[in-house]
Amino acid sequence: MTALAVRNLVKRFGGLTATNDVSFDIAPGQSVGLIGPNGAGKTTIFSQVMGELRQSAGTITLFGNEISGLSTPGRIRRGVCRTYQVPRPFHDLTVAENIRVGLAPNSIWQLVTRRPDHAREAEIALGVGLRETDFDRAPTELSMGDLRKLEFARTLATGARVMLLDEVFAGLTVGEIQVVSDLILGLRRDGMTFLMVSHDLKALEPLVDRVIAIDQGRKIAEGSYREVLDDPDVRASYLGGQG
Amino acid sequence: MGLRWYHFALWGGFILFMYLLPEFVSRGTLRTIIFANFLAVFAISWDVISGRTGYVSFGHPFLIGIGAYTTAILTKRFGVPVELSIPLAVLATMAGGLIVLIPALRIRGSYFALVTLAFMELMYQLVQVIRPDLTGGTRGMSGIQTLTRGAENGFYMSFTLLAVLSVGTWLLMRTQFGTALSAISMDEDSVAGSGLNTVKLKTAAFLVSAFVAGVGGAFYVHYLGSLAPRALFDINFVFTIIVAALIGGASTIVGPIIGAFFLTFLLEYLRPWLPGAERYFIYGGVALLLYMYQPKGFYAIIMAGWSRLRARMARRKPGARA
């Protein structure tokens, strides 16, 4: 069974085809990089998998179940969750409360009657490398690296089994890139499935089993990191008209 | 967000203090407090939608009006007893809350505020045009059954209402439900991106807010014994509700109570010197100064003072737990 299967995905915005007949499979526990130049349509694919955008054609299945008809929260409850290019924490809630929102049950009755699971909040926070002293802090007091960790924590709190990481290294220092890479490797060892977009190809290399390259909405290459980066079409797309 | 013994002690102390108040203050002051109590109820209702979820309503009297008119018409025109008319009025207001929810499914910010303002104006026009024999048209209604007689009873009734509604909503907002609603005002898409159905959350918030507005509106009309559409569906009334919640501290429940009392007494004490609308300049000025100093209102000022005091006490006791 595949963790995430995308079949003949098409997304049109008027005359522009942002996703053009893209298909790929990711097996459980696999980690796949999605690369391409700016405007290639990487984030558009993420948005369609999450249901933030509805595809014009094609299907998306998660662990064998078609999820194309579900709302975003419905898909998240089935086990897929994403992070954003710019972290989007709830700025007036504490770190612990941010994670609480990810853990929260999707029933008003349970939201009112169930007590927050502080032990689980702490477990998740410490698991991604946040410190106990961070729990009551506001996200505005955190460094970019810690904000990324908080995003991971909230995503993990939703019970995600497939994580889509959008430009996960953007805005991080060299040291922070290492910390986040280690976090991803740790989660991989625990069986997490990843699809990740990054412009930092060097940082991506040790994290992925496979790479998919897209350009102008179309898949142009798929294979090992080396194969895809050596592909003449991929090189041409990255170098633009000069290639 | 946990509950502590001192939270309940503070609520208990406040409620006890208020219940003893009629022993010490004049009837005139009690009458002022009655209005403060009702304003606090309306401000809490507004705060549940607007302070929490960030959907700023400029038409809250639309909901209050549904509650007030429903019970007034049922009791006066159809002889329905208040025991039945008030619950029916609250149900009707909650249905009204769902009407306010409809635009909130698609739009937010100033667009949502304008639509709610239109709801209030629409309601004002409708009560004059549709069946004025029932609503009393432009002149409103008088001779509506009152539940209490005298300032003391009115005070106990209005304060009991405020105490029950404020403690109830306060407890509700301290649950994970309250946390999720606050998160909506910060980034609604991220709430959906955390697996929560925001439509369901907003529906619940609007129903809670409408419930409070309905109870407040119904009891208010049975306190006053009359109903004047121009005073109810009035932009000044809207601003008084919003400013009460904001200067007290939005999204806190305690803040709107502080704000309502402050505003009511400010306007009342200014009356001998400034009997006309000039008073509103002073209140606008006070609100402006406060926003410049602390946009989160009195509640934030009090909490900052409290944590400074605690820090100082902790420093004085060497070896004590910080």
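All values reported here derive from a predicted model rather than from experimental measurement. (Residues numbered from 1 in each chain as written. Chains lettered and ligands numbered in written order. Predicted model: local features only at pLDDT ≥ 70, side-chain atom pairs only at ≥ 80, totals over all residues.)

Novice: Sorry if this is basic, but what is going on with the overall build of chain A here?
Specialist: What chain A contains, in helices and strands, is ten helices and ten strands. Relative to the globule expectation of 18 Å for 243 residues, the C-alpha radius of gyration of chain A, 18 Å, shows essentially globular dimensions. On the principal axes, the C-alpha backbone points of chain A span a range of 55 × 40 × 35 Å. Within chain A, the fraction of its 243 residues that count as buried is 43%. For chain A, the proportion of contacts with a sequence separation of at least 24, taken over those separated by at least 6, is 65%. (Helix = DSSP H or I, 4+ residues; strand = E, 2+ residues; numbered from the N terminus. Rg over C-alpha atoms; globule rule 2.2 N^0.38 Å. Buried ≥ 20, exposed ≤ 12 C-beta atoms within 10 Å, placed from the backbone. Contact = placed C-beta atoms within 7 Å.)

Novice: Looking at this structure, how should I read the overall build of chain B?
Specialist: Check the secondary structure of chain B and you find 15 helices and two strands. Taking 2.2 N^0.38 as the reference for a compact globule, 322 residues should give roughly 20 Å; the C-alpha atoms of chain B span a radius of gyration of 20 Å, in line with that estimate. Expressed along its principal axes, the backbone C-alpha trace of chain B runs to roughly 75 × 55 × 40 Å. Across the 322 residues that make up chain B, the buried fraction comes to 45%. Relative to all contacts within chain B whose residues are 6 or more apart in sequence, the contacts with residues 24 or more apart total 77%.

Novice: I keep staring at unusual backbone geometry and nothing clicks. Help me out?
Specialist: Backbone geometry at Asp21 of chain A places phi at a positive 60 degrees, although glycine is not the residue there. Mapped onto the secondary structure, Asp21 of chain A falls in strand S2 (residues 16-26). C-beta crowding within 10 Å serves as the criterion here: with 14 such atoms nearby, Asp21 of chain A is assigned to the partly exposed category. Even without a glycine there, the phi angle at Arg131 of chain B is positive, about 45 degrees. Structurally, the position occupied by Arg131 of chain B is in the loop between helix H5 (110-129) and helix H6 (132-135). On the neighbour-count criterion, Arg131 of chain B (12 C-beta atoms within 10 Å) is exposed.

Novice: Just checking my understanding: could you explain the packing of helix H2 (residues 27-53) of chain B against helix H12 (residues 235-248) of chain B for this structure?
Specialist: Helix packing geometry: the angle between the two helix axes and the distance between the axes. Residues and elements named next belong to chain B. Two elements in contact, H2 and H12, have axes whose closest approach is 8 Å; the angle formed by their N-to-C orientations is 75 degrees. When the axis of H2 is compared with that of H12, the two are roughly perpendicular. Along the contact surface, H2 presents Leu39, Phe42, Ala43, Trp46, Asp47 and Gly51, while H12 presents Thr240, Ile241, Ile242, Ala244 and Ala245. For the contact of H2 with H12, a count of residues per class yields eight nonpolar, two polar and one charged. (Axes fitted to C-alpha atoms, helices over the stretch in contact; angles between N-to-C directions. Parallel < 35°, antiparallel > 145°, perpendicular 65-115°, else oblique. Nonpolar A, V, L, I, M, F, W, Y, C, P; charged D, E, K, R; others polar.)

Novice: What is the right way to look at the interface of chain A and chain B in this model?
Specialist: As a measure of interface size, the accessible area lost when the parts come together is often cited. With 23 residues of chain A at the contact, the number on the chain B side is 20 residues. At the level of elements, helix H2 (72-78), helix H3 (95-103) and helix H4 (108-113) of chain A are the ones that each hand at least two residues to the side of chain A that touches chain B. Across the side of chain A that touches chain B, the residue classes break down as ten nonpolar, five polar and eight charged.

Novice: I tried to follow the confidence of the model for chain B on my own but got confused; where do I start?
Specialist: Residues shown with low pLDDT carry predicted positions that ought not to be read at fine detail. Taken as a whole, chain B shows an average pLDDT of 90; of its residues, 98% reach a score of 70 or greater. Per the prediction output, this complex has pTM 0.90; the corresponding ipTM is 0.88. (pLDDT = per-residue confidence, 0-100.)

Novice: Before we go on, may I ask you to explain the pairing of strand S9 (residues 210-215) of chain A in this structure?
Specialist: Each regular strand displays side chains that alternate between the two surfaces of the sheet. Residues and elements named next belong to chain A. Counting buried residues along S9, five of its six residues qualify, which places the element largely inside the surrounding structure. Relative to S9, strand S3 (residues 31-35) is paired through four bridges, and the arrangement is parallel. Along S9, the bridge assignment pairs Gly33 with Val211. Where S9 and strand S10 (residues 218-223) come together, five bridges link them in antiparallel fashion. (Pairing = 2+ DSSP bridges.)

Novice: Honestly, the sheet that holds strand S8 (residues 193-197) of chain A in this entry has me stumped. Any pointers?
Specialist: Two pairing modes exist for strands in a sheet, parallel and antiparallel, and in both the strands are linked by backbone hydrogen bonds. All names here are of chain A. On the basis of which strands lie adjacent, the open sheet formed by six strands has the order S6-S7-S8-S3-S9-S10 and mixed pairing. Unpaired on one side and paired on the other, strand S6 (80-82) and S10 mark the two borders of the sheet. Each adjacent strand pair in this sheet contributes to an overall mean axis angle of 20 degrees, direction not counted. As judged from the five bridges shared by strand S7 (residues 162-166) and S8, these two strands associate in the parallel manner. Within S8, the residue paired with Met163 across the bridge is Phe194. The sheet contacts of helix H10 (residues 232-239) involve S9 and S10, and relative to S10 the element is tilted by about 130 degrees.

Novice: Honestly, the sheet that holds strand S5 (residues 65-66) of chain A in this entry has me stumped. Any pointers?
Specialist: All names here are of chain A. Judged by pairing direction, the sheet is antiparallel, and its four strands sit side by side in the order S2-S1-S4-S5 without closing on themselves. Edge positions in the open sheet fall to S2 and S5, since each of these has one partner strand only. Where strand S4 (residues 57-62) lies against S5, two bridges are found, and the strand directions are antiparallel. Paired with Thr61 across the two strands is Glu66, which belongs to S5. Contacts from helix H1 (residues 42-50) reach strand S1 (4-13), S2 and S4, with the element oriented near 65 degrees to S2.

Novice: I tried to follow the pairing of S4 of chain A on my own but got confused; where do I start?
Specialist: Residue and element names in this part refer to chain A. Sheet topology note: the S1/S4 ladder contains five bridges and is antiparallel. Bridge pairing in S4 places Ala5 opposite Thr61. The turn linking S4 back onto S5 is made up of two residues, and Phe63 within it adopts a positive phi angle of 50 degrees.

Novice: Just to check I follow, could you spell out the nonpolar core for this structure?
Specialist: Nonpolar side chains in soluble globular proteins tend to end up buried together. Val80 and Ala153 of chain A together with Leu39, Ala43 and Ala180 of chain B are the most contacted members of the largest nonpolar core, which totals 151 residues. If we ignore the near neighbours within four places in the chain, the residues touching Ala43 of chain B are Ile241, Ala244, Ala245, Pro256, Gly259 and Ala260 of chain B. (Core = buried A, V, L, I, M, F, W, Y, C linked by C-beta atoms within 7 Å.)

Novice: Even after reading the chapter, I still don't get helix H3 (residues 60-78) of chain B, so can you show me in this structure?
Specialist: Every α-helix carries 3.6 residues per turn, so stepping three or four residues along brings you back to the same face. Residues and elements named next belong to chain B. The terminal C-alpha atoms of H3 lie 27 Å apart, and with 19 residues this matches the ideal 27 Å at 1.5 Å per residue to within 8%. Burial analysis of H3 places 16 of its 19 residues in the buried class, which makes it a mostly covered element. At the C-terminal side of H3, Gly79 shows a positive phi close to 65 degrees. (Expected span 1.5 Å × (residues − 1).)

Novice: Even after reading the chapter, I still don't get helix H1 (residues 5-20) of chain B, so can you show me in this structure?
Specialist: Relative to the 22 Å expected for 16 residues at 1.5 Å per residue, H1 of chain B spans 22 Å between its end C-alpha atoms, a close match to the ideal helical length. Along H1 of chain B, only zero of the 16 residues are buried, which leaves the element largely exposed.

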